[in-house]
Amino acid sequence: MELKRRPSLSNGDRISELPDALLLQILSLLPTTKDAVATSVLSKRWRFLCKMMPSLRFCYERTNDLERFSDNVCTFLLSHQAPVLQSLHLEMNFGRGSTRDIGVLLGVAFGLHVRELDLQVYSGGEPYRFPTSLYKCGTLETLKLGPNVLVDVPFPVCLKALTTLRLYKVIVKDERSVVNLLSGCSSLENLEVITCTHSDVKTFTIAVPSLQRLTLITSIDEYELAYVINVPSLKYLYLRGLAEGDSCLIENTPELLEANITDVCGFIYEKFLVSLTSLKRLSLEIDSPLDLMPVLDNSPNLQALKLITLWFRKGDWSPPKYVAECLLNRLETFVWENYEGEIEDEREVAQYILRNASCLETATFSRTDIHPEKRLERLKELESVVRASNSCQLVFK
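Per an unreviewed UniProt entry, the chain carries the name F-box domain-containing protein and comes from Brassica rapa subsp. trilocularis.

Take a look at the structure:
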């Protein structure tokens, strides 16, 4: 009887036969770099490839040994052999301990010319002040600063390669820090400012000539702020959460094509929508029909309009004596989310748009929690309206 030969280790290590590019892609799918290093026992080649990973992710939990964690991460970074450190994600969960180790790790990463940095700090103590020396990195293309990071910029920065900046629940020291940070990002294209804390900031000025996408999300418990936006190259705008005490002045947006505006106090609309004459696509949350007409009047090039109503209050609305230019010549797509049709004002606004939108191709009304009989009743009401566009397709879902 002939015995079968047992495969050698080299023949059995099929993983090692895969191309380096594929192995690096597999390693990048693991949750953290620590997990990637742990898998190096599967293949001899993986021990070397771990040092070639272009994207690294490290997470520190407060139950671990901070000194050991910092030493291990620092050693790994110093032994990194990839031509470029494409990205570093560093998440630090402290109790009330010191955050000084973060600066050491960031310094090593910047020495490797990191292109994308995502820093998140969760601490019960003092916020972590992002090192001012790192605001002059010539290779950094993406910077994401997360919770409990203090943005204190006493002088203009020099981040010439930075195209994306995300500030998520950071603490902004003062108005000067905002100006100094943004003025030094000459190539910035995408800016996200999300529920930041800034007790000493009364005016938040965003003046970036190169900016193309702006996301601004505020919180109802924040201090009253005046936002001044001067971004001549802006193409996409997302605003959410502006309250009664806030103001928003948009000074220069001649190239703006799309805007998404939700949870914004109604009286603010008229103050900034007059600057949005170039808009082609708009998603807008309203709670009164009176909010709609300033939008239509000041958006002559509007081609797609999406209305979102969480609740609709009576506003003593009456059809205007004239028809907005966008209804006569531009509007092709109309969507109304959460359309209920119970309030007369709501029905009249819907009928007004259908009667006057001459170029309308589709009009979609949606309500997920409506009874089938009520849905059919609302559909028949809308179908009975004489539409200005003979080719308009009416959809109710």
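A.B. asks: I'd like a rundown of a nonpolar patch on the surface, residues and numbers included.
C.D. replies: Nonpolar side chains collect at one region of the surface, where Leu18, Leu22 and Ile26 lie side by side and expose about 190 Å² of accessible area between them. Here Leu22 is to be found in helix H2 (residues 20–28). Its relative accessible area of 35% is what places Leu22 among the partly exposed residues.

A.B. asks: Quick rundown of the environment of Tyr128? Include the residues and the values.
C.D. replies: Looking at the secondary structure, you find Tyr128 in strand E4 (residues 128–129). Under the relative-accessibility criterion, Tyr128 is labelled buried at 5%. Residues Tyr128 and Val151, 23 residues apart in the sequence, show an inter-C-alpha distance of 8.8 Å.

A.B. asks: Describe the nonpolar core, with residues and values.
C.D. replies: Formed by 112 residues in total, the largest nonpolar core has its most connected members in Leu119, Phe130, Phe334 and Phe365. In this structure, Phe334 is in contact with Leu305, Leu307, Ile353, Leu360, Thr362, Ala363, Thr364 and Phe365, ignoring residues within four places of it in sequence.

A.B. asks: Explain unusual backbone geometry to me, using residue names and the numbers behind them.
C.D. replies: Here the phi dihedral of Asn148 falls at roughly 65 degrees; this positive angle occurs in a residue that is not glycine. As for its position among the elements, Asn148 is in the loop between strand E5 (142–145) and strand E6 (149–151). Overall, Asn148 belongs to the buried group, its relative accessible area being 15%.

Conventions and cut-offs
- Residues numbered from 1 in each chain as written.
- Predicted model: local features only at pLDDT ≥ 70, side-chain atom pairs only at ≥ 80, totals over all residues.
- Heavy atoms only, no water.
- Patch = residues over 30% accessible without salt bridge, like charges linked within 9 Å, V, L, I, M, F, W, Y side chains within 5 Å.
- Areas by Shrake-Rupley, 256 points an atom, 1.4 Å probe, with all protein chains shown as cover.
- Salt bridge = Lys/Arg side-chain N within 4 Å of Asp/Glu carboxyl O.
- Helix = DSSP H or I, 4+ residues; strand = E, 2+ residues; numbered from the N terminus.
- Buried < 20%, exposed > 50% of the residue type's maximum accessible area, 1.4 Å probe, protein only.
- Core = buried A, V, L, I, M, F, W, Y, C linked by side-chain atoms within 4.5 Å.
- Contact = heavy atoms within 4.5 Å.

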